[in-house]
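In case you want the letters, here they are:
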Amino acid sequence: MRGRLPDFPWDRLAPYKATAAAHPDGIVDLSVGTPVDPVPEEVQKALIAAADSPGYPTVWGTSELRDAITGWCGRRLGARGLTHHHVLPVVGSKELVAWLPTQLGLGPGDVVAYPRLAYPTYEVGARLAGAGHVTYEDPLDLDPTHLKLLWLNSPSNPTGRVLSKDTLTRVVAWAREHGVLLASDECYLELGWEADPVSVLHPDVCGGSYEGVVAVHSLSKRSNLAGYRAAFLAGDAAVLGDLLQIRKHGGMMTSAPTQAAVVAALGDDAHVHAQRERYAARRAALREALLRHGFRIEHSEASLYLWATRDESCWDTVAHLASLGILVAPGDFYGEAGERFVRVAMTATDERVAAAVARLG
């Protein structure tokens with residue numbers, strides 16, 4: 001099994017975490033983008049109200065959950081004509097990314113493509129299926145011969161880059177022309193700062209048809225629900241219908257209390273706006289402090305990260321910041337193209353962000 005998968009990258013950070021933790025005022029952990037703010041009260045109430053759920057939940061979810069997902073996609077993404085057959089709850093987006101190639105039946109001879117700088121789980125998913133994998137700078141330059149699954153990620157993790165509506169439209173058309181399933185990871189879509197991210201489900205992008213297109217969305221960041229494992233797919237009804245049957249056999253079901261919590265979370269925009277304000281303030285403070293400290297920041301127009309460099313090895317930067325009690329993620333976790341960058345997460349409390357800003361000053 002070890003030969004099938006790369007080493008888990010975060011294990012390599014352990015000595016730097018120990019250095020940062022030895023700081024007299026404690027560590028400021030800006031490495032993993034895990035939420036630290038409270039789960040919205042209404043979401044907690046919905047979870048508690050559904051706690052007495054002795055029976056098995058369904059993989060497809062309750063009709064109320066499917067209504068909530070289709071309603072949110074229409075309201076927030078501009079998607080039109082979505083039915084229950086166009087949506088599918090999943091047990092967190094990482095599970096979906098890791099197992100989608102396997103569930104699609106991909107294997108040796110098939111190819112999965114993903115961005116040159118990318119979330120490592122795209123590669124893991126291809127490896128678990130025994131499929132080949134290739135990275136791209138421009139997806140339109142890919143050889144489509146054996147390509148079966150094309151991942152987009154906008155806003156990007158780690159760079160925060162946002163793909164324009166025109167770019168998305170061209171890629172959707174190209175994928176359809178070559179019979180390639182397009183999966184768009186849009187988990188940071190509600191966290192645009194200097195750009196307004198657009199979904200592949202928007203009619204201006206997909207032409208009002210969801211054929212060959214699926215989008216992945218998560219409630220982990222927008223609603224602080226990383227601990228709930230709550231995400232969903234939306235798009236091509238034929239693809240999602242097949243996945244539903246496979247996931248029934250595999251028992252990949254979201255718990256009933258979590259389903260109720262997701263209904264509450266998708267029905268309320270106020271908590272999302274409040275959380276955005278928290279992140280905006282943290283982003284502004286960290287960005288200014290990093291610039292003053294001699295960093296250059298590229299992209300980062302959306303998502304929960306600042307993609308920063310001092311034009312040196314990312315591990316030298318990690319060591320430098322660890323000496324200040326600040327832990328960040330080295331850019332080469334996300335591909336060789338990131339070897340001179342670090343990813344700085346905004347997911348720390350206001351107090352810890354203020355501590356980082358003071359140390360960088």
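Note that this is a predicted model, so its numbers are computed, not measured.

## Describing the pairing of strand 2 (residues 87-90)
- Judged by which residues are buried, strand 2 turns out to be covered on both faces: Val87 and Pro89 on one side and Leu88 and Val90 on the other are all buried.
- One ladder, built from four bridges, connects strand 2 with strand 8 (residues 231-235); its direction is antiparallel. Note that in strand 8 the partner of Val90 across the bridge is Ala231.

## Notes on the packing of aromatic side chains
- Enumeration according to the criterion identifies 11 aromatic pairs in this entry.
- The rings of Trp10, Tyr16, Trp307, Trp315, Phe333, Tyr334 and Phe341 are connected pair by pair, giving a single aromatic cluster.
- Geometry around Phe295 places Arg310 over its ring, the cationic atom sitting 5.9 Å from the centre.

## What about the sheet that holds strand 9 (residues 296-298)?
- Overall, antiparallel pairing links the four strands, which are arranged 9-10-13-12 in an open sheet. The open sheet terminates on both sides in strands that have one partner only, identified here as strand 9 and strand 12 (329-330).
- Relative to strand 13 (residues 342-345), strand 12 runs antiparallel, the two sharing two bridges. Note on strand 13: the bridge partner recorded for Pro330 is Val342.
- Across the face of the sheet, helix 10 (residues 270-292) comes into contact with strand 9, strand 10 (305-309) and strand 13 while running at roughly 5° to strand 10.

## Remarks on the state of the cysteines
- Under the definition given, this model contains zero disulfides.
- The cysteine Cys73 is free of any disulfide, with Cys206 supplying the nearest cysteine sulfur at 11 Å.
- On the accessibility criterion, Cys73 (0% relative accessible area) is buried.

## Some words on the nonpolar core
- Core analysis: the biggest nonpolar cluster contains 69 residues, and Leu30 and Trp151 have the highest contact counts within it.
- Leaving out residues up to four positions away in the same chain, Leu30 has contacts with Leu286, Ile326, Leu327, Val328, Arg343, Val344, Ala345, Ala348 and Ala356.
- With 44 residues, the next largest nonpolar core counts Ala79, Val87, Leu168 and Val213 among its residues.

## Notes on the sheet that holds strand 8
- One open sheet accounts for seven strands, arranged 2-8-7-6-5-3-4; its pairing is mixed. Sheet topology places strand 2 and strand 4 (132-136) at the edges, where each strand pairs with a single neighbour. Each neighbouring strand pair of the sheet contributes to a mean axis angle of 20°, computed without reference to strand direction.
- When strand 7 (residues 213-218) meets strand 8, the two strands line up antiparallel, connected through five bridges. Bridged to Val214 within strand 8 is Gly235.

## Comments concerning the packing of helix 10 against helix 12 (residues 350-360)
- Between helix 10 and helix 12, the shortest axis-to-axis distance is 9 Å and the interhelical angle comes to 15°. Classified by the interaxial angle, the pair formed by helix 10 and helix 12 is roughly parallel. Helix-helix and strand crossings are classified by hand; for helix 10 and helix 12 the assignment is left-handed. Along the contact surface, helix 10 presents Arg282, Ala285, Leu286, Ala289, Leu290 and Arg292, while helix 12 presents Asp350, Val353, Ala356, Val357 and Leu360.
- Residues that form the contact of helix 10 with helix 12 fall into these classes: eight nonpolar, no polar and three charged.

## Observations regarding unusual backbone geometry
- Following Ser154, the chain continues into Pro155 via a peptide bond in cis, with omega recorded as -5°.
- Mapped onto the elements of the fold, Pro155 is located in the loop between strand 5 (147-153) and helix 6 (165-177).
- A positive phi angle, close to 60°, is found at Asn224, a residue other than glycine.
- Here Asn224 is to be found in the loop between strand 7 and strand 8.
- Of note in this structure, Arg229 is not a glycine but carries a positive phi near 55°.
- Within the secondary structure, Arg229 sits in the loop between strand 7 and strand 8.
- By relative accessible area, which is 31% here, Arg229 ends up partly exposed.

Cut-offs and rules
- Residues numbered from 1 in each chain as written.
- Predicted model: local features only at pLDDT ≥ 70, side-chain atom pairs only at ≥ 80, totals over all residues.
- Heavy atoms only, no water.
- Buried < 20%, exposed > 50% of the residue type's maximum accessible area, 1.4 Å probe, protein only.
- Helix = DSSP H or I, 4+ residues; strand = E, 2+ residues; numbered from the N terminus.
- Pairing = 2+ DSSP bridges.
- Phe/Tyr/Trp six-rings, centres within 6.5 Å; stacked < 30°, edge-to-face > 60°.
- Lys NZ or Arg CZ within 6 Å of the ring centre and 35° of its normal.
- Contact = heavy atoms within 4.5 Å.
- Axes fitted to C-alpha atoms, helices over the stretch in contact; angles between N-to-C directions.
- Disulfide = S-S within 2.5 Å.
- Core = buried A, V, L, I, M, F, W, Y, C linked by side-chain atoms within 4.5 Å.
- Parallel < 35°, antiparallel > 145°, perpendicular 65-115°, else oblique.
- Left-handed = near helix turned anticlockwise from the far one by under 90°.
- Nonpolar A, V, L, I, M, F, W, Y, C, P; charged D, E, K, R; others polar.

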